[in-house]
Structure formats: structure tokens, C-alpha cells
Amino acid sequence: MFKQLTPILIALVIAITGGIYSADVMTREFAGFGALQYGAWVSHPQTGTQDADPYARASAARTGEIALGSAEGLVFIAAHDDQKQIIDAACDYVIEGKTPAARVWSLRITDKNLLPILTQSGAVSGLHSGNTLRNGQNAFKISISSEIAEGNWIPQMGNGERRFVLTLYDTSVASTTGVSEIKMPTIKAIGCDNE
């Protein structure tokens, strides 16, 4: 009798372990279908709506995030720069250009799990449209580095992988028909400590 139960128990252990592992990987690494990608920036506009797929819902449930509704805004996340290199705290970056039309926008730095990076004073590392200097063409240049930089600067703290999170509030990007014409800011690495 035990000889018959052993293969069944092994199969159950493999199935349960494999199921838990695959669910963990999918909710951590995959944020759902229907992504919008512009350069290094990726957004999932269906998250937070009734049309969100099960993967997007599971990912949001895992992180505990409260997604913006489609009328509220859109969140873009960059995990790599324009050269397809993973964003790393050991490197300095320049984010340059314009955002799509939005009433307000914010840019912040997070770790790879999208938890905020805090400055030494305890504030979130980031900027928003109200405190960002622009040139005559309404474009901006933001330096992200461990050393203070002139102009727009976000301090780069700690070590490990980073994500840049650009949130556009009250924007029509997701419903725009000419999505191919949308321009997002560029992300360029300008040097790393390990080089």
C-alpha cells in the first residue's frame, strides 16, 4: 500500500511546489498583458480597471499597491536605460526630454521591488513637475547621482538594482489614438563607480 502512495505523494509535492514557485515568479516578474512601451518606459494601463487580467490583479495584490484608475493617471516604470542596461545604484544617470501631456507628473527612484528609496533626511528620492527646471522648449534635464549636480538633481542612494517610476496624473496617454507619436524622456547612464 505504501508503494502505491509514494508516487502519488511525490507527484503532489512536485505539483504544489511547482505551483507555488510559478505563481511567485509570475506575480513578481510579470505585471500583466497589454503593456504600453515607449523606449525604456513600460506601463500597464489596464491595472486598476475592471478590464485588468488575472496576472495584473495578482501582481497588484502581491505588492499591495493601489493602482490609479484610467481617469486618474498612468504609471511608467523603467528597469533599464536606453542602452538596455539594468538601472543600478552604482551608476549616474541623466533623464532628459519632455513628458506626454499631463496635468502633473512625478519621478521617483525605487528598488527593484518598487519600494521607495529615501534620502538621508527621510524624504522620498524624486521630483515632480512643480519643482523641475525647464529650458525654453519646456524640456528638462534631471541628473541622478550620488554627488550633488546643478539644476534638477535626484540623489542616488544605497546599492543594487533600481527602477525609475514616472507617474502622469490626469493624462490621456492610454486613450490616445496616435500612441506611436508619444515621446518619453530618454535615460542615459553617464558613468558607474565600478568602471
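Our structure's up above, just so we're on the same page.
Computed from a predicted model, the values in this text were never measured in an experiment.

Observations regarding the state of the cysteines
Then, in step 1: For the coordinates displayed, the defined rule picks out one disulfide.
Then, in step 2: Covalently, Cys 91 is tied to Cys 192 through a disulfide, its sulfur atoms 1.9 Å apart. Measuring handedness by torsion sign, the sulfur bridge of Cys 91 and Cys 192 sits at about 95° and is right-handed. With Cys 91 in strand 4 (residues 91–97) and Cys 192 in strand 10 (residues 186–192), the pair connects residues that are 101 residues apart, well separated along the chain. For the pair Cys 91 and Cys 192, a shared accessibility class is recorded, and that class is buried.

Some points on the sheet that holds strand 3 (residues 73–78)
Then, in step 1: Ordered in space as 1-2-3-9-5-6, the six strands form an open sheet in which the pairing is antiparallel. Every other strand in the sheet has two partners, leaving strand 1 (36–38) and strand 6 (126–128) as the edge strands with one partner each. Taking each pair of neighbouring strands and ignoring which way they run, the sheet shows an average axis angle of 20°.
Then, in step 2: Both strand 5 (residues 102–111) and strand 9 (residues 162–171) contribute to a ladder of nine bridges, which runs antiparallel. Bridged to Trp 105 within strand 9 is Leu 168.

Some details on the environment of Thr 17
Then, in step 1: Its location among the elements puts Thr 17 in helix 1 (residues 2–29).
Then, in step 2: At a separation of 2.8 Å, a polar atom in the side chain of Thr 17 contacts the main-chain carbonyl oxygen of Val 13.

Observations regarding unusual backbone geometry
Then, in step 1: Positive phi values are uncommon outside glycine, yet Lys 84 reaches one of about 70°.
Then, in step 2: Mapped onto the fold, Lys 84 is located in the loop between strand 3 and strand 4.
Then, in step 3: The exposure class of Lys 84 is exposed, given its relative accessible area of 58%.
Then, in step 4: Here Leu 114, not a glycine, exhibits a phi torsion of approximately 65°, which is positive.
Then, in step 5: Secondary-structure assignment places Leu 114 in the loop between strand 5 and strand 6.

Section: a nonpolar patch on the surface
Then, in step 1: A contiguous nonpolar patch, built from Leu 5, Ile 8, Leu 9, Leu 12, Ile 16 and Ile 20 and spanning about 580 Å² of accessible area, is present on the exposed surface.
Then, in step 2: Here Ile 16 lies in helix 1.
Then, in step 3: By relative accessible area, Ile 16 is classed as exposed at 53%.

Rules behind the numbers
- Residues numbered from 1 in each chain as written.
- Predicted model: local features only at pLDDT ≥ 70, side-chain atom pairs only at ≥ 80, totals over all residues.
- Heavy atoms only, no water.
- Disulfide = S-S within 2.5 Å.
- Helix = DSSP H or I, 4+ residues; strand = E, 2+ residues; numbered from the N terminus.
- Buried < 20%, exposed > 50% of the residue type's maximum accessible area, 1.4 Å probe, protein only.
- Pairing = 2+ DSSP bridges.
- Axes fitted to C-alpha atoms, helices over the stretch in contact; angles between N-to-C directions.
- Polar contact = N/O pair within 3.5 Å; in protein donor to acceptor, adjacent residues only side chain to side chain.
- Patch = residues over 30% accessible without salt bridge, like charges linked within 9 Å, V, L, I, M, F, W, Y side chains within 5 Å.
- Areas by Shrake-Rupley, 256 points an atom, 1.4 Å probe, with all protein chains shown as cover.
- Salt bridge = Lys/Arg side-chain N within 4 Å of Asp/Glu carboxyl O.

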